[in-house]
Amino acid sequence: MRGQAHTLEAVVAGLMLLSSLVFALQMTAVTPLSASTSSQHIENQQQATGSGVLAAAAQNDSLKPAVLYWNNTSEQFHGTNEDLGYYTSGPPNNTLGQMLNRSFDRRGIAYNVYFWFQNENGDVISRRYIYSGVPSDNAVGASHTITLMDHDHLYDANETRNATVIRDDRDTYPIPNLPSNVYNTVRVEVIAWRI
């Protein structure tokens with residue numbers, strides 16, 4: 001009699017455990033877009049790629065020229081969409097743009113690039129540099145900060161330094177000159193996501 005009670009108790013406990021497991025699995029939907037270790041690995045890889053591109057651009061002295069890639073005549077970055085003032089159909093035709101193209105565009109990864117800096121009131125604001133659309137929920141970011149000095153020059157479309165100094169009051173450069181020892185500091189941010 002005692003053995004039958006233990007057997008019946010074990011069967012009931014097993015059924016309860018099995019039904020709770022079935023109930024829990026029905027409550028969570030696993031889809032191809034669900035978070036997983038593989039998607040987390042891809043996001044980590046995209047973030048590392050963004051950090052690597054920015055660090056390499058800073059190392060080979062092409063990050064600051066990209067920030068200074070400004071056309072005073074048209075009052076926008078060289079070759080941007082005239083109505084918007086930032087790049088929408090691909091990266092700029094400079095070294096940073098080529099690096100972003102090799103690292104992201106060829107692999108089907110969308111990205112936005114923003115410049116973050118202080119305005120005259122001390123507020124931190126951003127300016128779009130490259131805009132590919134609204135990032136997805138799995139977007140990742142990487143950034144690198146550069147310092148602009150009063151004696152830095154703007155760059156022409158062929159990436160040669162021109163005669164215009166950014167502290168010149170006649171220029172239309174969008175990043176303002178702060179009353180400090182440096183012109184301004186700019187945080188270049190890349191937001192990347194898989195399409």
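Model, not experiment: these values are computed from the prediction. (Residues numbered from 1 in each chain as written. Predicted model: local features only at pLDDT ≥ 70, side-chain atom pairs only at ≥ 80, totals over all residues. Heavy atoms only, no water.)

J.: Explanation requested: the overall build of the protein in the structure shown.
T.: Within the protein, the regular secondary structure consists of 4 helices and 8 strands. For the protein, the α and β elements follow one another from N to C terminus as α-α-α-β-β-α-β-β-β-β-β-β. In summary, the protein has a C-alpha radius of gyration of 26 Å against a globular reference of 16 Å for 195 residues, an excess of more than 25%. Structurally, the protein occupies a C-alpha span of about 100 × 35 × 30 Å along its principal axes. Summarising the internal contacts of the protein: among those between residues at least 6 apart in sequence, 68% fall at separations of at least 24. For the protein, the centre of its 12 positive side-chain charges and the centre of its 18 negative side-chain charges are spaced 9 Å apart. (Helix = DSSP H or I, 4+ residues; strand = E, 2+ residues; numbered from the N terminus. Rg over C-alpha atoms; globule rule 2.2 N^0.38 Å. Contact = heavy atoms within 4.5 Å. Lys, Arg positive; Asp, Glu negative; His and termini not counted. Charge placed at Lys NZ, Arg CZ, Asp CG, Glu CD.)

J.: I would appreciate a short explanation of the environment of R194 in the present structure.
T.: Structurally, R194 can be placed in strand 8 (residues 184-194). Setting aside anything within four residues of it in sequence, one finds R194 in contact with S39, I42, Q46, S136 and N138.

J.: It is not clear to me how the pattern of salt bridges should be interpreted in this structure. Could you clarify?
T.: Pairing is possible between side chains of opposite charge, provided their charged atoms come close. Applying the stated criterion to the full structure yields 2 salt bridges. Between K64 and D152 there is a salt bridge whose closest N-O contact spans 3.1 Å. Of the two residues, K64 is situated in helix 3 (residues 63-67) and D152 in the loop between strand 5 (140-148) and strand 6 (153-155); the sequence distance between them amounts to 88 residues. Taking the relative accessible area as the measure of exposure, K64 reaches 26% and is therefore partly exposed. For R187, the salt bridge goes to E189, with nearest N and O atoms at 3.8 Å. For R187, a relative accessible area of 30% puts it in the partly exposed group. Using a relative accessible area of 16% as the deciding quantity, one classes E189 as buried. (Salt bridge = Lys/Arg side-chain N within 4 Å of Asp/Glu carboxyl O. Buried < 20%, exposed > 50% of the residue type's maximum accessible area, 1.4 Å probe, protein only.)

J.: Would you explain the sheet that holds strand 8 in this entry?
T.: The strands making up a sheet associate through backbone hydrogen bonding, with each pair oriented either parallel or antiparallel. Taken together, the 4 strands give an open sheet; going across it, the order is 4-3-8-5, and neighbouring strands pair in antiparallel fashion. Of all the strands in the sheet, just strand 4 (124-130) and strand 5 have a single pairing partner and so form its edges. Going from strand to strand, the sheet's axes swing by 25° on average, the running direction of each strand aside. Against the sheet, helix 4 (residues 95-103) touches strand 3 (109-118), strand 4 and strand 8, its axis set at about 145° to strand 3. (Pairing = 2+ DSSP bridges. Axes fitted to C-alpha atoms, helices over the stretch in contact; angles between N-to-C directions.)

J.: Please explain the packing of aromatic side chains as it appears in this structure.
T.: Within a pair of aromatic rings, the relevant descriptors are the distance that separates the centres and the angle that separates the planes. Throughout the structure, instances matching the rule amount to 9 aromatic pairs. Summarising the aromatic geometry, the rings of F77 and Y129 are spaced 4.9 Å apart at their centres and angled 85° between planes, so their arrangement reads as edge-to-face. Here Y129 lies in strand 4 and F77 lies in strand 2 (residues 76-77), a separation of 52 residues in the sequence. Here the two residues F77 and Y129 agree in accessibility, since each one is buried. An aromatic cluster of three or more residues is present, and its members are W70, F77, Y87, F115, Y129, Y173 and Y183. Between the NZ or CZ atom of R128 and the centre of the ring of Y131, over which it lies, the distance is 3.8 Å. (Phe/Tyr/Trp six-rings, centres within 6.5 Å; stacked < 30°, edge-to-face > 60°. Lys NZ or Arg CZ within 6 Å of the ring centre and 35° of its normal.)

J.: How should a nonpolar patch on the surface be read in this particular structure?
T.: Residues L18, L21, V22 and L25 make up a contiguous nonpolar surface patch of roughly 390 Å² in combined accessible area. You can see V22 is positioned in helix 1 (residues 2-27). (Patch = residues over 30% accessible without salt bridge, like charges linked within 9 Å, V, L, I, M, F, W, Y side chains within 5 Å. Areas by Shrake-Rupley, 256 points an atom, 1.4 Å probe, with all protein chains shown as cover.)

J.: Please explain helix 4 as it appears in this structure.
T.: Owing to its 3.6 residues per turn, the α-helix brings residues three or four apart onto one side. The set of residues buried in helix 4 consists of L96, G97, M99, L100 and S103. Along the axis of helix 4, the buried positions cluster into a sector of 160°, meaning they face one direction only. Between the side-chain oxygen of the N-cap and the backbone nitrogen of L96 there are 3.4 Å, and the N-cap of helix 4 in question is N94. (Arc of directions from axis to C-beta. Polar contact = N/O pair within 3.5 Å; in protein donor to acceptor, adjacent residues only side chain to side chain.)

J.: Would you mind going over the nonpolar core with me for this structure?
T.: Ranked by internal contacts, the top residues of the largest apolar core, which has 35 residues, are Y129, L148 and Y173. Mapped onto this core, the elements with two or more residues apiece are helix 2 (37-59), helix 3, helix 4, strand 3, strand 4, strand 5, strand 6 and strand 8. In terms of residue count, the dominant contributor to this core is strand 3 (5 residues). Membership of the second largest hydrophobic core comes to 6 residues, among which are Y86, Y114, Y131 and W193. (Core = buried A, V, L, I, M, F, W, Y, C linked by side-chain atoms within 4.5 Å.)

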